[in-house]
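Single-letter residue listing:
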Amino acid sequence: MEERFVFSLIHCYFIALGVIMGGSIIGSIGYLATGDPPLTSVTTVARKLRIWAIVAAIGGTFDAISNFEKGIFQGSTMDIVKQVLLIVTAMGGVQTSILVIEWFTQEDIE
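The model shown is predicted, which means the values in this text are computed figures rather than measured ones.

Quick notes on the rules
Residues numbered from 1 in each chain as written. Predicted model: local features only at pLDDT ≥ 70, side-chain atom pairs only at ≥ 80, totals over all residues. Heavy atoms only, no water. Helix = DSSP H or I, 4+ residues; strand = E, 2+ residues; numbered from the N terminus. Contact = heavy atoms within 4.5 Å. Axes fitted to C-alpha atoms, helices over the stretch in contact; angles between N-to-C directions. Left-handed = near helix turned anticlockwise from the far one by under 90°. Nonpolar A, V, L, I, M, F, W, Y, C, P; charged D, E, K, R; others polar. Core = buried A, V, L, I, M, F, W, Y, C linked by side-chain atoms within 4.5 Å. Buried < 20%, exposed > 50% of the residue type's maximum accessible area, 1.4 Å probe, protein only. 1 Å grid on protein atoms, 1.4 Å probe; cavity = no way out; pocket = protein on both sides within 12 Å on 5 of 7 lines; lining within 4 Å. Points joined across faces, edges and corners; volume = space filled by probe spheres on them. Parallel < 35°, antiparallel > 145°, perpendicular 65-115°, else oblique.

Trainee: Looking at this model, I keep getting lost on the environment of Leu 17. Mind explaining?
Mentor: Following the sequence through the fold, Leu 17 ends up in helix H1 (residues 3-33). In this structure the C-alpha to C-alpha distance between Leu 17 and Phe 7, which are 10 residues apart in sequence, comes to 15 Å. Excluding anything up to four places from it in sequence, Leu 17 contacts Gly 93, Thr 96 and Ser 97.

Structure (structure tokens):
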């Protein structure tokens, strides 16, 4: 694989990780302001942000769909492979941040 794509994979991983970690911690401030328990709300917000972290990490859904379309209709299988790798990498970043939040809050996120 080309070197630039490897950089994109690394960026994708850490963007997904940051969206979950930052979004759940900062989002729990709203729950704290309304009187809800903050550690429980961190897990609630993290659960709600999973799919959005993946979408944010891959750069939006329309790029992914157009790359899949290009791979299917124009026979460019490398574009499909790259998009799948980006999505899997983003999912890895989400799972890593969920694991860290579970360790921090001592709660299971389903």
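Trainee: Please explain the side chain of Ser 97 as it appears in this structure.
Mentor: Residue placement: Ser 97 occurs in helix H4 (residues 77-105). Here Ser 97 is in contact with Leu 17, Ile 20 and Met 21, once residues within four sequence places are set aside.

Trainee: What exactly am I supposed to notice about the packing of H1 against H4 here?
Mentor: Any two packed helices are characterised by how steeply their axes cross, that is the angle between the axes, and by the distance between the axes. Direction vectors running N to C along H1 and H4 enclose 35 degrees, while the axes themselves pass 8 Å from each other. Read as a crossing pair, H1 and H4 show a hand that is right-handed. Of the residues contributing to the contact of H1 with H4, the split by class is 15 nonpolar, seven polar and one charged.

Trainee: Looking at this structure, I do not really get the nonpolar core. What am I missing?
Mentor: For soluble globular proteins, nonpolar side chains are generally found buried alongside one another. Ranked by size, the top nonpolar core spans 19 residues in total, and within it Cys 12, Ile 20, Ile 58, Leu 86, Ala 90 and Val 94 carry the most contacts. Looking at this core, the elements that each hand over two or more residues are H1, helix H2 (38-58) and H4. Ranked by residues supplied to this core, first place goes to H2 with eight residues. If we ignore the near neighbours within four places in the chain, the residues touching Ile 58 are Cys 12, Ala 64, Leu 86, Ile 87 and Ala 90.

Trainee: Looking at this structure, how should I read the layout of surface pockets?
Mentor: Over the atoms, a rolling probe the size of a water molecule traces out where space has been left empty. Its boundaries defined by the atoms lining it, the largest pocket holds a volume of some 150 Å³. For the largest pocket, the full set of lining residues is Phe 5, Ser 8, Cys 12, Ala 57, Ile 58, Asn 67, Lys 70, Asp 79, Lys 82, Gln 83 and Leu 86. Mapped onto the lining of the largest pocket, the elements with two or more residues apiece are H1, H2, helix H3 (61-73) and H4. It is H4 that provides the largest number of residues to the lining of the largest pocket, a total of four residues.

Trainee: What's the story with the packing of H2 against H4 in this structure? I'm lost.
Mentor: Viewed as axis vectors pointing N to C, H2 and H4 meet at an angle of 170 degrees, and their least axial separation amounts to 9 Å. By the angle between their axes, H2 is roughly antiparallel relative to H4. In terms of crossing hand, the pair formed by H2 and H4 is right-handed. Packed against H2, whose contacting residues are Leu 39, Val 42, Thr 43, Ala 46, Arg 50, Ala 53, Ile 54, Ala 57 and Ile 58, the element H4 presents Leu 86, Ile 87, Ala 90, Met 91, Val 94, Ile 98, Ile 101, Phe 104 and Thr 105 at the interface. In terms of residue class, the contact of H2 with H4 is made up of 15 nonpolar, two polar and one charged.

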